[in-house]
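# An overview of the molecular structure
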Amino acid sequence: MAKEQIIREIESLPAEFYSEIMGFVGYLKYRRLNNIPETMLLAEKSLAESWDTPEEDIAWADL
């Protein structure tokens with residue numbers, strides 16, 4: 001429901017607001033992507049060494 005309401009609100013605005021709306025949407029995406037916990041980023045390399053193997057690929061192939 002919120003999505004439809006947002007769309008209706010945007011459609012009711014003059015077109016000159018669209019670039020500002022897109023800027024805000026970009027900001028929200030950027031903020032979300034950069035909110036990854038540091039511990040997750042630090043663990044990625046060490047976990048990849050264990051998980052990125054042919055044996056793991058076979059084990060997870062059917063999922």
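Residues numbered from 1 in each chain as written. Predicted model: local features only at pLDDT ≥ 70, side-chain atom pairs only at ≥ 80, totals over all residues. Heavy atoms only, no water.

### Some points on the overall build of the chain
- A tally of helices and strands in the chain yields four helices and zero strands.
- Computed over its C-alpha atoms, the radius of gyration of the chain comes to 21 Å, more than 25% above the 11 Å expected for a compact globule of 63 residues.
- The principal-axis extents of the C-alpha atoms in the chain amount to approximately 55 × 30 × 20 Å.
- Put simply, the chain has 63 residues, and 3% of those count as buried.
- Counting every atom, the chain has about 6,400 Å² of accessible surface; 62% of that belongs to carbon and sulfur.
- Within the chain, one finds 6 positive and 13 negative side-chain charges whose respective centroids are separated by 9 Å. (Helix = DSSP H or I, 4+ residues; strand = E, 2+ residues; numbered from the N terminus. Rg over C-alpha atoms; globule rule 2.2 N^0.38 Å. Buried < 20%, exposed > 50% of the residue type's maximum accessible area, 1.4 Å probe, protein only. Areas by Shrake-Rupley, 256 points an atom, 1.4 Å probe, with all protein chains shown as cover. Lys, Arg positive; Asp, Glu negative; His and termini not counted. Charge placed at Lys NZ, Arg CZ, Asp CG, Glu CD.)

### Considering the side chain of Thr53
- Tracing the sequence through the fold places Thr53 in the loop between α3 (38–51) and α4 (54–60).
- Classification of Thr53 as buried rests on a relative accessible area of 18%.
- Side-chain polar atoms of Thr53 contact the backbone nitrogen of Glu56, separated by 3.2 Å. (Polar contact = N/O pair within 3.5 Å; in protein donor to acceptor, adjacent residues only side chain to side chain.)

### So, the confidence of the model for the chain
- Per-residue pLDDT for the chain averages 84, and the proportion of residues at 70 or more is 98%.
- Considering each helix and strand of the chain separately, the mean pLDDT is smallest for α3, with a value of 74, and largest for helix α1 (residues 2–11), with 94. (pLDDT = per-residue confidence, 0-100.)

### Some points on the environment of Glu56
- Looking at the element boundaries, Glu56 is found in helix α4.
- In this structure the C-alpha to C-alpha distance between Glu56 and Ala15, which are 41 residues apart in sequence, comes to 51 Å.
- What Glu56 contacts, discounting residues up to four positions off in sequence, is Ser50 and Trp51.
- For Glu56, the side chain forms a polar contact with the side chain of Trp60, separated by 2.8 Å. (Contact = heavy atoms within 4.5 Å.)

### Considering the environment of Ile36
- Residue position: Ile36 is located in the loop between α2 (18–33) and α3.
- Judged by its relative accessible area of 39%, Ile36 falls in the partly exposed class.
- Sequence separation between Ile36 and Leu63 is 27 residues, and the spatial gap between their C-alpha atoms is 26 Å.

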